[in-house]
Amino acid sequence: MIAVIDYNAGNVQSVLFALERLGANAILTGDHAQIRAAEKVIFPGVGEASTTMHFLRERGLDAVIKSLTQPTLGICVGMQLLCAHSEENDTPCLGVIPQQVRRFVPKNGEKVPHMGWNALSHCEDQVFTPELEKEYVYYVHSYYVETGLYTTALTEYTLPFSAGLHKDNFYATQFHVEKSGKVGETILRNFLNI
C-alpha cells in the first residue's frame, strides 16, 4: 500500500490518479500509523513553505516524515520541505536532505515562477535512470533546490538546479511527476519498483 500524505496539498488528487493509472494501491491519509505502516510514502506538495511547515508541525507530521524508513518520494514543495531551509519566508524545513532552497533571480528577463516543460540531465539513480536524459518534465515553482551531494538529476532555468534528490530512503522531484505525461509515469513507476 502507498500512503499519500494528506496535508491540504493542491496536487493530491492528480497524484492519486497517476498512481491509479499505474495500478498502485494508494490511500490519502494523515494518520501517523497508516503512514508508518505503508510500503511506500509519497509527500506531494503545492503551496507556500512556512504555512505548510506550520500545518505539518501542528499535526505531528513533521516528526512522522523524518522518522520514515521506507522509500519516500517528495514532489515539488514536498521536495523543498525535505531540505534544510527555504528562502521562502525564511523557513526552517525538515532537514532530511542537507541542501538549501533558493528563490529564482532572473538574469535575462526570465519569468518567475518558472512554469513549463524543461529537459532533465545528469540522471543517475534508481528513479532518474539514464533513459530519462534529455526528456521533458513539467514545472511550476518560484524556488529551487541548489545542486549538491544529493542531487540526482538537473534542469536548467536561470542556472542549473536540482530536478531530483536522493538521500537514503528519501527521493524527490522538483517537477510535477503527475503532470509530466509518460516521462512522469516512468519516474513514478521507477519509484514504485524500488
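Residues numbered from 1 in each chain as written. Predicted model: local features only at pLDDT ≥ 70, side-chain atom pairs only at ≥ 80, totals over all residues. Heavy atoms only, no water.

A. How the structure looks around the overall build of the protein. The secondary structure content of the protein amounts to six helices and 13 strands. Its C-alpha atoms give the protein a radius of gyration of 15 Å, within 12% of the compact-globule value 16 Å for 194 residues. C-alpha extents for the protein along the principal axes are approximately 50 × 35 × 30 Å. Relative to its 194 residues, the protein shows a buried fraction of 53%. Across the protein, every contact between residues at least 6 apart in sequence was considered, and the portion connecting residues at least 24 apart equals 69%. On the protein, roughly 8300 Å² of surface is accessible, and the fraction owed to carbon and sulfur atoms is 50%. Each charge class in the protein was averaged separately, 15 positive and 21 negative side chains, and the resulting centres sit 1 Å apart. (Helix = DSSP H or I, 4+ residues; strand = E, 2+ residues; numbered from the N terminus. Rg over C-alpha atoms; globule rule 2.2 N^0.38 Å. Buried < 20%, exposed > 50% of the residue type's maximum accessible area, 1.4 Å probe, protein only. Contact = heavy atoms within 4.5 Å. Areas by Shrake-Rupley, 256 points an atom, 1.4 Å probe, with all protein chains shown as cover. Lys, Arg positive; Asp, Glu negative; His and termini not counted. Charge placed at Lys NZ, Arg CZ, Asp CG, Glu CD.)

B. Highlighting unusual backbone geometry. The omega angle of the peptide bond from Val 112 to Pro 113 is 10°, so this bond is cis rather than trans. The phi torsion at Asn 89 lies on the positive side, around 55°, for a residue other than glycine. Position of Asn 89 among the secondary structure elements: in the loop between β5 (83-86) and β6 (91-92). For Asn 89, a relative accessible area of 54% gives the class exposed. Non-glycine residue Thr 158 carries a positive phi angle of around 70°. Its place among the elements puts Thr 158 in the loop between β11 (151-156) and β12 (160-167). Look at Thr 158 and you get buried, because its relative accessible area is 15%.

C. Molecular detail of the packing of aromatic side chains. Under the defined criterion, the tally for this structure stands at 10 aromatic pairs. Consider the rings of Phe 104 and Phe 161, whose centres lie 5.5 Å apart with planes at 80°: the pair is edge-to-face. Taken together, the residues Phe 104 in the loop between β7 (97-103) and β8 (114-119) and Phe 161 in strand β12 connect sequence positions 57 residues apart. Both residues of the pair, Phe 104 and Phe 161, belong to the buried class. (Phe/Tyr/Trp six-rings, centres within 6.5 Å; stacked < 30°, edge-to-face > 60°.)

D. Looking closely at the sheet that holds strand β3 (residues 40-43). Spatial strand order, β2-β1-β3-β4-β13-β12-β11: seven strands in an open sheet with mixed pairing. Of all the strands in the sheet, just β2 (26-29) and β11 have a single pairing partner and so form its edges. Direction aside, the axes of adjacent strands within the sheet are offset by 20° on average. Alignment of β3 against strand β4 (residues 72-75), held across three bridges, turns out to be parallel. Residue Phe 43 lies in a different strand from β4, and its bridge partner there is Gly 74. (Pairing = 2+ DSSP bridges. Axes fitted to C-alpha atoms, helices over the stretch in contact; angles between N-to-C directions.)

E. Structural view of the state of the cysteines. As enumerated under the stated definition, the model contains zero disulfides in all. Cysteine Cys 83 is unpaired, with the sulfur of Cys 93 as its nearest cysteine sulfur at 7.1 Å. For Cys 83, a relative accessible area of 0% corresponds to the buried category. Assessed through its relative accessible area of 12%, Cys 93 is described here as buried. (Disulfide = S-S within 2.5 Å.)

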